[in-house]
Amino acid sequence: MKTMHDLRAHLPRPGQVEWIGVRSGRREPVHSRAEVEIHPLVGVVGDHGKTAPTRLPALTGGEVHPVTPSPAQPNGRGKRQVTLLQAEHLPVIAALAGLDEVPPELLRRNILVSGLSLLALKDRRFQLGEVVLEGTGECHPCSRMEENLGDGGYNAVRGHGGITARVIQGGTVRVGDRVQALPKDTP
C-alpha cells in the first residue's frame, strides 16, 4: 500500500503554460504576454513595475543599482513572487459566478497552466520552461473579484484561486512551455 508521501510524489503527466499576464501597477489592468522574465529577487519582471537588478559592474562596466528588499521580504524572496492559476478551473469559476466565461485577466494571476493539478505543486519545487519555482501556498481571492466578476465573485473563486510561488532559479517563461514537478530531493 502506498503512503501519503508516495501518493503526493507523482503527477500523471506534465502541464503547459497557457497564458501569461502582468500589470504595470496596483489596480492596473492585466496585459497578456507571450513570454516574461522571472528573477529570483523580484519575481515577474514588469509586474507591478518590478525591474530586474542591473548586472554587476565587473560584467557590464556600469554602476551598481542595488535591489532594495522590502521589510516584508528582507532577503528579497517573498512567498508571492509569482501567482499561478489552473486553466481547468476557469469554467468552474464562470459557472459559480453565473457568467458564460471568465478570461484569466479578470483573476489577476501571472501564469495560467493546464494539464496538472496546481495544488499538488504546493510546498514543492517545479519547473516552467527554464524557471524553477517553489509553491508556497494557496492564492486566495481578493475583494477585486467582486468588482471583476460581480456579486459573489469572491466566493466563486474560493478554492479555485491557484497557488503562490517563490523563484528558485530565474529565466524566461513562454506560453507553451512545459510545467513539471521536480523530484522531492531537488535542491
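The shown structure was predicted, so the numbers you read here are calculated from the model rather than taken from an experiment.

### Observations regarding the overall build of the chain
Step number 1: Tallying secondary structure elements over the chain gives five helices and eleven strands in all.
Step number 2: For the chain, long-range pairs separated by at least 24 residues make up 75% of all intrachain contacts whose partners lie at least 6 apart in sequence.

### Quick look at unusual backbone geometry
Residues apart from glycine generally show negative phi values, whereas peptide bonds are mostly found in trans.
Step number 1: Residues other than glycine seldom take positive phi values, yet histidine 48 does so here, at roughly 60°.
Step number 2: If you trace the backbone, histidine 48 turns up in the loop between strand 4 (43-44) and helix 2 (57-60).
Step number 3: You will see that arginine 108, though not glycine, has its phi angle at about 65°, which is positive.
Step number 4: You can see arginine 108 is positioned in the loop between helix 3 (90-97) and strand 6 (111-114).
Step number 5: The class for arginine 108 is buried, based on a relative accessible area of 11%.

### Some points on the pairing of strand 8 (residues 131-138)
Step number 1: A large share of strand 8 lies buried, amounting to six of its eight residues.
Step number 2: Across four bridges, strand 7 (residues 125-128) lies against strand 8 in antiparallel orientation. Bridging from a neighbouring strand, arginine 125 pairs with glutamate 134 of strand 8.

### Comments concerning the pairing of strand 5 (residues 82-86)
Step number 1: For strand 5, the tally of buried residues reaches five of five residues, placing the bulk of the element in the interior.
Step number 2: Burial along strand 5 is two-sided: Val82, Leu84 and Gln86 and Thr83 and Leu85, pointing in opposite directions, are all buried.
Step number 3: Across three bridges, strand 5 lies against strand 9 (residues 163-169) in antiparallel orientation. Bridge pairing in strand 9 links valine 82 to alanine 165.
Step number 4: The pairing of strand 5 with strand 6 spans three bridges and is classified as parallel. From the neighbouring strand, leucine 84 faces strand 6, where its bridge partner is isoleucine 111.
Step number 5: Chirality of the crossover, the property in question, places the unit of strand 5, helix 3 and strand 6 among those that are right-handed.

### So, the confidence of the model for the chain
Predicted coordinates in areas of low pLDDT are best not read in detail.
Step number 1: Mean pLDDT over the chain stands at 87; residues scoring 70 or higher make up 86%.
Step number 2: Scored below 50 in pLDDT, residues 63-76 shows 14 contacts in the model against residues more than four places distant or in partner chains.

Basis of the calculations
- Residues numbered from 1 in each chain as written.
- Predicted model: local features only at pLDDT ≥ 70, side-chain atom pairs only at ≥ 80, totals over all residues.
- Heavy atoms only, no water.
- Helix = DSSP H or I, 4+ residues; strand = E, 2+ residues; numbered from the N terminus.
- Contact = heavy atoms within 4.5 Å.
- Buried < 20%, exposed > 50% of the residue type's maximum accessible area, 1.4 Å probe, protein only.
- Pairing = 2+ DSSP bridges.
- Right-handed = clockwise from strand over helix to strand, strands pointing away.
- pLDDT = per-residue confidence, 0-100.

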